[in-house]
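Here is how the chains run, residue by residue.
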Amino acid sequence: MSAPQDTREVILEARELTREFDGVKALDRFSFKLHRGEVLGLLGANGAGKTTAMNCLLGLTLPTGGDLFAFGLPLHQHRIAILQRANFSSAYTALPGNLLVRQNLIVFARIYGVKEPKKKIAELMELLEISHLADRVTGQLSAGESTRVNLVKAFLNDPELLMLDEPTASLDPDIADKVRKVVRKVQRERNIGILYTSHNMRDIEEVCDRVIFLHKGKIVCEGTPTDIVAQSSSTNLEDVFIKIARDGEIIDEPAKEKQS
């Protein structure tokens, strides 16, 4: 029996997205839909195509082929209008290091046209438990502190579409758990769609409604974390991740023979 069709608004969609670098396909006819109110995990080992996909979705890299849509609009023709309704955070993207945290956030709040920016910044910093960092120099923050400041930046404009790249990287387990809960809280309260990458399978199991595994630019499998484990020859999502990273598939050969 096929899964019931999701009737929620599609807020991000890739159709046959392809990106080649020197004849090598980093993405190979990659297609997906992200619905409003959904957290979709994009998973894969280094080199699987996640970063290329993110860069294409942000308009930083032009695809070789295929189409991208956000809120029903062609992404590249309406990039500015779309980005006003979206935001992005990455553990590997640094804010200007010579400014105070408060100054950085004020600059971005003005870019996004945030009303009452000081109040909004204070509320988000309290939510992520970093109010004490407001007058610190951004370049002197730890990796974990920088990650949480980036998340404040990402929430500033109340985005309808949020792309999070490794949001709990460099965080200790306690803070990572708090960040996961904050992301879920914001997502549920605002009914936003989130595209979420992580190498931490606990992140994925706790935050994502549905996941897509990529290997060499192609989709290997997709579904809920529970469904994917059930389809595989593994007992948990981390083992599935390792299996795909090594072999590009989720079922061992003996298991395949047994199923046939």
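Structure report, in brief.

Cut-off values and rules
- Residues numbered from 1 in each chain as written.
- Predicted model: local features only at pLDDT ≥ 70, side-chain atom pairs only at ≥ 80, totals over all residues.
- Heavy atoms only, no water.
- Helix = DSSP H or I, 4+ residues; strand = E, 2+ residues; numbered from the N terminus.
- Buried < 20%, exposed > 50% of the residue type's maximum accessible area, 1.4 Å probe, protein only.
- Contact = heavy atoms within 4.5 Å.
- Areas by Shrake-Rupley, 256 points an atom, 1.4 Å probe, with all protein chains shown as cover.
- Pairing = 2+ DSSP bridges.
- Axes fitted to C-alpha atoms, helices over the stretch in contact; angles between N-to-C directions.
- Core = buried A, V, L, I, M, F, W, Y, C linked by side-chain atoms within 4.5 Å.
- Parallel < 35°, antiparallel > 145°, perpendicular 65-115°, else oblique.
- Left-handed = near helix turned anticlockwise from the far one by under 90°.
- Nonpolar A, V, L, I, M, F, W, Y, C, P; charged D, E, K, R; others polar.

1. Focus: the overall build of the chain
Okay, so step 1: On a plain count of helices and strands, the chain comes out with 10 helices and 10 strands.
Okay, so step 2: For the C-alpha atoms alone, the extent of the chain along its principal axes is close to 60 × 40 × 40 Å.
Okay, so step 3: Out of the 260 residues in the chain, the part that is buried amounts to 50%.
Okay, so step 4: Put simply, of all contacts in the chain between residues at least 6 apart along the chain, 64% involve residues at least 24 apart.
Okay, so step 5: Looking at the chain as shown, the accessible area adds up to about 13,000 Å², and 50% of this sits on carbon and sulfur atoms.

2. So, unusual backbone geometry
Okay, so step 1: At Phe 71, a residue that is not glycine, the phi angle is positive and equals roughly 55°.
Okay, so step 2: Positive phi, close to 55°, is recorded for Asn 191, a residue that is not glycine.
Okay, so step 3: Mapped onto the elements of the fold, Asn 191 is located in the loop between helix H6 (173-190) and strand S8 (193-197).

3. Considering helix H1 (residues 50-57)
Okay, so step 1: Along H1, 6 of the 8 residues are buried, which leaves the element largely enclosed by surrounding structure.
Okay, so step 2: Downstream of H1 by one or two residues, Gly 59 has phi in the positive range, about 80°.

4. Comments concerning the sheet that holds strand S2 (residues 24-35)
Okay, so step 1: One open sheet accounts for 4 strands, arranged S2-S1-S4-S5; its pairing is antiparallel. Of all the strands in the sheet, the pair left with one neighbour each is S2 and strand S5 (73-74).
Okay, so step 2: This element, H1, spans strand S1 (10-21), S2 and strand S4 (65-70) of the sheet and lies at about 60° to S2.

5. Quick notes on the nonpolar core
Okay, so step 1: In this structure, Met 125, Phe 155, Tyr 196 and Phe 213 are the most contacted members of the largest nonpolar core, which totals 50 residues.
Okay, so step 2: Of the residues forming this core, the biggest block, 6 residues, is contributed by H6.
Okay, so step 3: Residues within four places of Phe 155 in sequence aside, it is in contact with Lys 120, Leu 124, Leu 128, Leu 162, Val 182, Val 183, Val 186 and Arg 190.
Okay, so step 4: Formed by 28 residues, the second largest nonpolar core is a distinct cluster that contains Leu 17, Leu 42, Phe 71 and Met 163.

6. Points about the pairing of strand S9 (residues 210-215)
Okay, so step 1: Counting buried residues along S9, 6 of its 6 residues qualify, which places the element largely inside the surrounding structure.
Okay, so step 2: Burial of S9 is two-sided: the residues Arg 210, Ile 212 and Leu 214 facing one way and the residues Val 211, Phe 213 and His 215 facing the other way are all buried.
Okay, so step 3: Relative to strand S10 (residues 218-223), S9 is paired through 5 bridges, and the arrangement is antiparallel. Directly across from Phe 213, in S10, lies its bridge partner Cys 221.

7. Quick look at the packing of helix H3 (residues 101-112) against helix H4 (residues 117-127)
Okay, so step 1: Where H3 meets H4, the closest approach of the two axes is 10 Å, and the angle between their N-to-C directions is 125°. Relative to H4, the element H3 is oriented oblique. The handedness of the crossing between H3 and H4 comes out as right-handed. Residues Val 101, Leu 105, Ile 106 and Ala 109 of H3 form the contact with H4, whose own contacting residues are Pro 117, Lys 118, Ile 121 and Met 125.
Okay, so step 2: Across the contact of H3 with H4, the residue classes tally to 7 nonpolar, no polar and 1 charged.

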